[in-house]
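As a plain string of letters, each chain reads:
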Amino acid sequence: MEFRILKRKDLDREAWNELSAGGSFFQTSEWADICASGIGFGARSIFLTGYLNGELIAGMPAVITRKYGFRSFYSMPYGTYGELILKEGADEEQKDIFNTNLIRFLKERNFSRISITDFEGRLSEIGEPFLTWSPSFTHIIKLDSVDDYLPPDERILEQVRNGLKSGTTRKAIRTEEDLHSFYNLYMMTEKRHGQRNPLYSKRFFETILHILTGSEMLYWNSLLEDSRMVGSCINFIHGDTLFNWQNVSDYSKRYLRPNHVLIADAIEYAIERGIKKINLGASPPYAHSLIDFKKRWGGERVNYDSYFSSSWLLRLLRR
């Protein structure tokens, strides 16, 4: 295998699309573009690739950021899935060769921070001491052979019906005005969860809208009461999976059950599209009410690996 580090401009988009079809949405070139552009100054995407006889058979997307002199490597940012994608038919030897080159690359570049989210467990045999392993988990609703999905908790559907009875309407996010209303809800949700500074800038969401509007990879819906947005939900679609990525709402309007209504709407959309899985996203282990909410929808826990490294200087400055 020939190991190559490619800048975004040098990437064969068609070949990468073919390879990433076997991965997740967060390994697509679109998500890499969103992250690099949405993060802004000091961020760029790269693609670690493996070629055999001139054919792309392995790859890992990443975003590198630079801030205050510190360079960080993310595959991918914000805990979204990165890791290695292997072309169907590639063997364990090719995986091992790629991982050996990956570790060499990470050591040689001397990054201040490294974060890799390994959903498929393809780094599990590395055991490098400079990478600290930690467990993560998501909840996935399986829609295999389902024509009319019913959550295991019967109260869920009643809460959805109550939300729809209250004179609410559903609307797709399309315009700058829609985005402004969404971001206000996002800021409210972040404050409610104790975040002093929002994780995502408005620019990040603008980039999602700019890059994905009109594609089949985005289903961004919202719930309105009297033309005022009270909830919104971003969903990404890739292969047989819908990724429920962001849910925001006005807590004062919680009696309208916006999260229930919008998740039900996303599931209905997924079934119409023939999608087989709904990935409800990662949960902190202490977020018991959130975990219970996902279980009530029929989400089954799926564990995966996260790897992290931080330089001693960066750790010192964060004290």
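Reference entry: report on the structure contained in this document.

Parameters at a glance
Residues numbered from 1 in each chain as written. Predicted model: local features only at pLDDT ≥ 70, side-chain atom pairs only at ≥ 80, totals over all residues. Heavy atoms only, no water. Helix = DSSP H or I, 4+ residues; strand = E, 2+ residues; numbered from the N terminus. Rg over C-alpha atoms; globule rule 2.2 N^0.38 Å. Buried < 20%, exposed > 50% of the residue type's maximum accessible area, 1.4 Å probe, protein only. Contact = heavy atoms within 4.5 Å. Areas by Shrake-Rupley, 256 points an atom, 1.4 Å probe, with all protein chains shown as cover. Lys, Arg positive; Asp, Glu negative; His and termini not counted. Charge placed at Lys NZ, Arg CZ, Asp CG, Glu CD. Patch = residues over 30% accessible without salt bridge, like charges linked within 9 Å, V, L, I, M, F, W, Y side chains within 5 Å. Salt bridge = Lys/Arg side-chain N within 4 Å of Asp/Glu carboxyl O. Core = buried A, V, L, I, M, F, W, Y, C linked by side-chain atoms within 4.5 Å. Expected span 1.5 Å × (residues − 1). Phe/Tyr/Trp six-rings, centres within 6.5 Å; stacked < 30°, edge-to-face > 60°. Lys NZ or Arg CZ within 6 Å of the ring centre and 35° of its normal.

1. Let's talk about the overall build of the protein
Point 1. Across its full length, the protein holds 9 helices and 13 strands.
Point 2. Taking 20 Å as the expected radius of gyration for a compact globule of 319 residues, we find that the protein reaches 20 Å, a close match to that expectation.
Point 3. Over its C-alpha atoms, taken along the principal directions, the protein stretches across nearly 60 × 45 × 35 Å.
Point 4. Within the span of the protein, comprising 319 residues, buried residues form 52% of the whole.
Point 5. Residue pairs at least 24 apart in sequence account for 71% of intrachain contacts in the protein once pairs closer than 6 positions are excluded.
Point 6. Total accessible area on the protein stands at roughly 16,400 Å², and carbon and sulfur atoms take up 47% of it.
Point 7. Across the protein, the 42 positively charged side chains and the 41 negatively charged ones have centroids separated by 9 Å.

2. Quick look at unusual backbone geometry
Point 1. Of note, the amide linkage connecting S75 to M76 takes the cis form, showing an omega dihedral of -5 degrees.
Point 2. Residue position: M76 is located in the loop between β4 (70–75) and β5 (85–86).
Point 3. With a phi close to 55 degrees, N53 is a non-glycine residue in the positive phi region.
Point 4. With respect to the helices and strands, N53 occurs in the loop between β2 (43–52) and β3 (55–67).
Point 5. Given the relative accessible area of 79%, N53 is considered exposed.
Point 6. Within the chain, E83 stands out as a residue other than glycine whose phi angle is a positive 55 degrees.
Point 7. As for its position among the elements, E83 is in the loop between β4 and β5.

3. Quick word on a positive patch on the surface
Point 1. Residues K7, R44, R66 and R109 make up a contiguous surface patch of positive charge.
Point 2. Turning to its location among the elements, R66 is positioned in strand β3.

4. Focus on the nonpolar core
Point 1. In this structure, W31, F182, F205, I208, W220, F236 and W245 are the most contacted members of the largest nonpolar core, which totals 42 residues.
Point 2. If we skip the residues at most four places from it in the chain, W220 touches K171, A172, I173, L179, F182, F205, I208, L209, S232, C233 and I234.

5. Some words on helix α7 (residues 258–273)
Point 1. For α7, built from 16 residues, the straight-helix expectation of 22 Å at 1.5 Å per residue is met to within 8% by its first-to-last C-alpha distance of 22 Å.
Point 2. Three or more residues of α7 are buried, namely P258, H260, V261, L262, I263, A264, D265, A266, I267, Y269 and A270.
Point 3. G274 occupies a position one or two residues after α7 and carries a positive phi of about 80 degrees.

6. Thoughts on the side chain of T65
Point 1. Here T65 lies in strand β3.
Point 2. Using a relative accessible area of 13% as the deciding quantity, one classes T65 as buried.
Point 3. Filtering out sequence-adjacent residues up to four positions away, T65 remains in contact with I39, G42, A43, F70, R71, S72 and Y74.

7. Examining the packing of aromatic side chains
Point 1. Throughout the structure, instances matching the rule amount to 37 aromatic pairs.
Point 2. When the centroid spacing of 5.5 Å and the interplanar angle of 45 degrees are considered together, the rings of F73 and F111 count as tilted. Of the two residues, F73 is situated in strand β4 and F111 in the loop between α3 (92–109) and β6 (113–118); the sequence distance between them amounts to 38 residues. Each member of the pair, F73 as well as F111, is classed as buried.
Point 3. Between the NZ or CZ atom of R4 and the centre of the ring of Y51, over which it lies, the distance is 3.8 Å.

8. Structural notes on the side chain of S136
Point 1. For S136, the position within the fold is in strand β7 (residues 132–142).
Point 2. Note on S136: relative accessible area 17%, which makes it buried.
Point 3. Non-local contacts of S136, meaning those with residues more than four positions away in its chain, are made with V302, N303, Y304 and S306.

9. Here's the deal with the pattern of salt bridges
Point 1. A complete count under the given rule lists 16 salt bridges for this structure.
Point 2. Between E18 and K87 there is a salt bridge; the shortest N-O distance is 3.0 Å. Remark: K87 occurs in the loop between β5 and α3 and E18 occurs in helix α1 (residues 13–20); sequence separation between them is 69 residues.
Point 3. A salt bridge links R170 to D265; the nearest nitrogen and oxygen atoms lie 3.1 Å apart. Of this pair, R170 sits in strand β8 (residues 168–172) while D265 sits in helix α7, and the two are 95 residues apart along the sequence.
Point 4. Residue D265 is classed as buried on the basis of its relative accessible area, which comes to 9%.

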